Amino acid sequence: IRLAKAWLELEQKPRALTIVQGLTPKRDWRVNRQLAYGNLLLSLEQMDEFSMWYTTLSLSELAGDEQRKLAELNTHYQIIKAEQAERANRYILAYSLYHRAAQSLGPYQTEANLGILRSSAVINERDVYERQASSLLANTAMLSPKELMQLLAIFSNNQDHESERRLISELRQRDDISAIQM
């Protein structure tokens, strides 16, 4: 697993994939190894393999922290599936997957909320778009510079000039965003 991960870090995805395809996860693997394997599958966008692997796990055997990490992996899986649906112009499916991912607390919640905002605009769920935009604008202090730029792009792409102006005004006051990002 570590070797495949190293190949991925060196942007050698085919080599990493070859290694992963040669692995057969075992029930007696330590939890950390199981989680590393699942994370590697997601990094390689091996969605069917991830889904099959995930269903073999017994949640009742995991400690609380391990269950949380596994839940985060599953949320990451839903985000990737939503992104794939979006790229395939399957916006209702993307919206549904982003919405499901947003229900999980953790590191992918903002990404899911941005996805809901983006997809709700495309499928003309104006009320959802307005609520999501308002919520994200109210919490800009919690967003990273990258997430703020993504939010700004969504507003711009949807001709949401009022939200765009509000966000730009807030961005100008932040110290952690460079002029290049602006």
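Quick note: structure is the one above.
We now turn to the structure provided with this report. Bear in mind the structure is a predicted one, so any value in this text is a computation, not a measurement. (Residues numbered from 1 in each chain as written. Predicted model: local features only at pLDDT ≥ 70, side-chain atom pairs only at ≥ 80, totals over all residues. Heavy atoms only, no water.)

Topic: the pattern of salt bridges
Under the counting rule described, the total for this entry stands at 6 salt bridges. Lys-69 is the partner of Asp-65 in a salt bridge, and the nearest nitrogen-oxygen pair spans 3.5 Å. Separated by 4 residues within a single helix, Asp-65 and Lys-69 lie in helix α5 (residues 64-87), roughly one turn from each other. On the basis of relative accessibility, which here comes to 41%, the residue Asp-65 falls in the partly exposed class. Judged by relative accessible area, which is 34%, Lys-69 ranks as partly exposed. Notably, a salt bridge pairs Arg-126 with Glu-130, separated by 3.2 Å at the nearest N-O pair. Of this pair, Arg-126 and Glu-130 both sit in helix α8 (residues 126-138), 4 residues apart, which is roughly one turn of that helix. In the salt-bridge network here, residues are joined through shared partners; they are Asp-65, Arg-68, Lys-69 and Glu-72. (Salt bridge = Lys/Arg side-chain N within 4 Å of Asp/Glu carboxyl O. Helix = DSSP H or I, 4+ residues; strand = E, 2+ residues; numbered from the N terminus. Buried < 20%, exposed > 50% of the residue type's maximum accessible area, 1.4 Å probe, protein only.)

Observations concerning the environment of Arg-118
Within the fold, Arg-118 resides in helix α7 (residues 109-122). Each C-alpha atom of the pair Arg-118 and Leu-105 lies 20 Å from the other, and the pair is 13 residues apart in sequence. When sequence neighbours within four positions are dropped, the list of residues in contact with Arg-118 reads Glu-86, Tyr-98 and Ile-154. (Contact = heavy atoms within 4.5 Å.)

Observations concerning the environment of Leu-136
Mapped onto the secondary structure, Leu-136 falls in helix α8. Sequence separation between Leu-136 and Leu-62 is 74 residues; the distance between their C-alpha atoms is 34 Å. With sequence-adjacent residues up to four places away left out, Leu-136 is seen in contact with Asn-113, Leu-114, Leu-117, Leu-143 and Leu-151.

Some points on the side chain of His-76
Summarising the element assignment, His-76 is placed in helix α5. Overall, His-76 belongs to the buried group, its relative accessible area being 16%. Ignoring any residue separated from it by four or fewer positions in sequence, one finds His-76 in contact with Asn-39, Leu-42 and Tyr-108.

Regarding unusual backbone geometry
Even without being glycine, Asn-124 reaches a positive phi, approximately 60°. Residue placement: Asn-124 occurs in the loop between α7 and α8. The exposure class assigned to Asn-124 is exposed, which follows from its relative accessible area of 67%. With a phi close to 55°, Gln-159 is a non-glycine residue in the positive phi region.

Some words on the packing of helix α9 (residues 145-157) against helix α10 (residues 161-172)
Axis separation between α9 and α10 bottoms out at 9 Å; the angle between their running directions is 155°. Classified by the angle their axes make, α9 and α10 are roughly antiparallel. The element α9 and its partner α10 pack so that their crossing is left-handed. Between α9, through Leu-148, Met-149, Leu-151, Leu-152, Phe-155 and Ser-156, and α10, the contact on the second element is made entirely by Ser-163, Glu-164, Leu-167, Ile-168 and Leu-171. Tallied by class, residues from the contact of α9 with α10 come to 8 nonpolar, 2 polar and 1 charged. (Axes fitted to C-alpha atoms, helices over the stretch in contact; angles between N-to-C directions. Parallel < 35°, antiparallel > 145°, perpendicular 65-115°, else oblique. Left-handed = near helix turned anticlockwise from the far one by under 90°. Nonpolar A, V, L, I, M, F, W, Y, C, P; charged D, E, K, R; others polar.)

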